[in-house]
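# Per-entry structural report
The lines below spell out each chain.
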Amino acid sequence: MKLIKLDAIDSTNDFLKALSSAEELENFTVVTAEYQTKGKGQVGGVWTSEAGKNLTMSVLVRDFLYNNEQVFDLSVAVSLAVSEALKSLNIPDICIKWPNDILSYNKKLAGILIENTIKSDGRIVSVVGIGINVNQTDYNELPHASSLAVIKGRSFDKEDLAVLIVEKLKQKIQLWETSSEIFWSTYFDSLFKKGIPSPFRNKNGQDFMGIIQGVSKSGKLQVSLEDDSVAEFEIKEVKMLY
């Protein structure tokens, strides 16, 4: 894989998107940065990270998505790739908090942001941003976050982890046509709090109890409500309280 290492950048996703517009890059080109000044999270959120301590990377993925109905397939593939990479490092109790945060012991280890661009010929080119808490140990202002170093009591090589994640992602994409249902099933089974009564808050600030049943093919969270109906929520329409 082609690896571009940067000391500091506003956003690895923005850098890779601009680079891929300017030149034809090989599939799975990776950009990493020691520090991001404008790291991005889901739907306008911010990803903050201590300089030099964590893995901040973006991966170019093309020739996988062919229409807008498929876009959440890539989220599933990336979530499983990151989860498997962390499990291979013996990080315990890994689960996926919808849509694609990776948790251990209910603490956030990784976030994923996928941005898709439709080219003039109809192709969809994706830039997959992945942020993983690796060697940072101070999370006093982030009570729901943790890192590999905190959990395992040792430091990790960030570049080795980046290579491992990309290899896992390549495997998922290469096997997708024959194994997509298995991957989706694994994703469902890995969902944080699936099948457990949990408190939620909707976009209007109203709290309610619900039970996660699954995720639709388009990526909507399916929640069983107290009146036995099932509601579907887009990203940022609902927040789990835990």
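Counting of residues starts from 1 at the beginning of each chain's written sequence and follows it residue by residue. With the structure being a predicted model, the display of local features is reserved for residues of pLDDT at least 70 and the display and counting of side-chain atom pairs for 80 or more, all residues being used for whole-chain, interface and lining totals. Excluded from the side-chain calculations are hydrogens and water; all other atoms, namely the structure's heavy atoms, are used.

So, about the overall build of the protein. Secondary structure elements are defined from DSSP: runs of H or I of at least 4 residues count as helices, runs of E of at least 2 residues count as strands, and each element is numbered from the N terminus. Looking only at helices and strands, the protein features four helices and 12 strands. Every radius of gyration here is taken over C-alpha atoms, with the globule rule written as 2.2 Å times N^0.38, N being the number of residues. Against the 2.2 N^0.38 benchmark of 18 Å for 242 residues, the protein shows a C-alpha radius of gyration of 18 Å, consistent with a compact globule. Relative accessibility thresholds used throughout: buried, under 20% of the residue-type maximum; exposed, over 50%; partly exposed, between the two (1.4 Å probe, protein chains only). The buried share of the protein, taken over its 242 residues, is 50%. We call two residues in contact when some of their heavy atoms are within 4.5 Å. Taking as baseline every contact in the protein between residues at least 6 positions apart, the subset at least 24 positions apart corresponds to 61%. Of the roughly 11800 Å² that the protein leaves accessible, carbon and sulfur atoms contribute 48%. Between the averaged position of the 27 positive side-chain charges in the protein and that of its 32 negative side-chain charges there is a distance of 3 Å. With residues, only the protein chains shown are counted as cover, and all accessible areas are computed by Shrake-Rupley using a 1.4 Å probe. In this charge count, Lys and Arg are treated as positive and Asp and Glu as negative; neither His nor the chain ends contribute. Working definition for charges: the position is that of NZ of Lys, CZ of Arg, CG of Asp or CD of Glu.

Let us now look at the pairing of strand β10 (residues 221-225). DSSP-based pairing: two strands are paired if at least 2 bridges between them are found. Here strand β9 (residues 207-215) pairs with β10 via five bridges, running antiparallel. Directly across from G210, in β10, lies its bridge partner L225. In sequence, β9 turns back onto β10 through a hairpin of five residues, with G219 there showing a positive phi of about 95°. Strand direction decides the pairing type here: β10 and strand β11 (residues 230-233), joined by four bridges, are antiparallel.

What follows covers unusual backbone geometry. The amide bond that connects W98 to the next residue, P99, takes the cis arrangement and shows omega of 0°. Residue position: P99 is located in the loop between β4 (94-97) and β5 (101-104). A positive phi angle is found at D63, which is not glycine, with a value near 60°. For D63, a relative accessible area of 48% translates into the label partly exposed. The residue D93 is not glycine, and still its phi comes out positive at about 55°. In this structure, D93 sits in the loop between α2 (71-88) and β4.

What follows deals with the sheet that holds strand β3 (residues 55-61). Remark on secondary structure: sheet strands pair via backbone hydrogen bonds, oriented parallel or antiparallel. The seven strands lie next to each other as β1-β2-β3-β7-β6-β5-β4, forming an open sheet whose pairing is mixed. Taken across any chain shown, the strands that pair with only one partner, and hence form the sheet edges, are β1 (3-9) and β4. On average, adjacent strands in this sheet sit at an angle of 20° to one another, irrespective of strand direction. The pairing of β4 with β5 spans four bridges and is antiparallel. Every angle, taken between N-to-C directions, lies between 0 and 180 degrees, and every axis is a line fitted to C-alpha atoms, over only the stretch in contact when it is a helix.

With that settled, consider the pattern of salt bridges. Salt bridge criterion: a side-chain nitrogen from Lys or Arg within 4 Å of a carboxyl oxygen from Asp or Glu. Taken as a whole, this structure holds 13 salt bridges when the rule is applied. Of the charged contacts in the structure, one is a salt bridge between E24 and R62, with a shortest N-O distance of 3.9 Å. Of this pair, E24 sits in the loop between α1 (12-22) and β2 (30-36) while R62 sits in the loop between β3 and α2; the two residues are 38 residues apart in sequence, bridging distant segments of the chain. Through salt bridges with shared partners, one network takes in D14, K17 and E115.

Let us now look at the side chain of R62. According to the relative accessible area criterion, R62 is buried, its value standing at 16%. Apart from the residues lying within four places of it in its own chain, the contact partners of R62 are E24, L25, E26, N27, R123, I124 and V125.

Below, the discussion takes up the packing of aromatic side chains. Two rings from Phe, Tyr or Trp (for Trp, the six-membered ring) form a pair when their centres are within 6.5 Å of each other. A pair whose planes differ by under 30 degrees is stacked, one over 60 is edge-to-face, and the rest are tilted. Applying the stated criterion to the full structure yields 10 aromatic pairs. The interplanar angle of 45° and the centroid separation of 6.0 Å between the aromatic rings of F72 and W184 together place this pair among those described as tilted. You can see F72 sitting in helix α2 and its partner W184 sitting in helix α4 (residues 158-189), a full 112 residues away along the chain. On the basis of relative accessibility, which here comes to 1%, the residue W184 falls in the buried class. Site record: aromatic cluster; members linked through ring pairs are F72, W184, Y187 and F188.

With that settled, the discussion passes to the packing of α2 against α4. Here α2 crosses α4 at 125°, and the two axes come no closer than 7 Å. What the angle tells us is that α2 and α4 run oblique. Crossing angle aside, the handedness with which α2 passes α4 is right-handed. Residues are grouped as follows: nonpolar covers Ala, Val, Leu, Ile, Met, Phe, Trp, Tyr, Cys and Pro; charged covers Asp, Glu, Lys and Arg; every other residue, Gly included, is treated as polar. Considered class by class, the residues forming the contact of α2 with α4 number 19 nonpolar, three polar and four charged. Roughly parallel covers angles under 35 degrees, roughly antiparallel covers those over 145, roughly perpendicular covers 65 to 115, and oblique covers all other angles. Helix crossings get a hand from a simple test, with the near helix turned counterclockwise from the far one by less than a right angle marking a left-handed crossing and a clockwise turn marking a right-handed one.

Take it as geometry only, folks, not as evidence of what the structure does.
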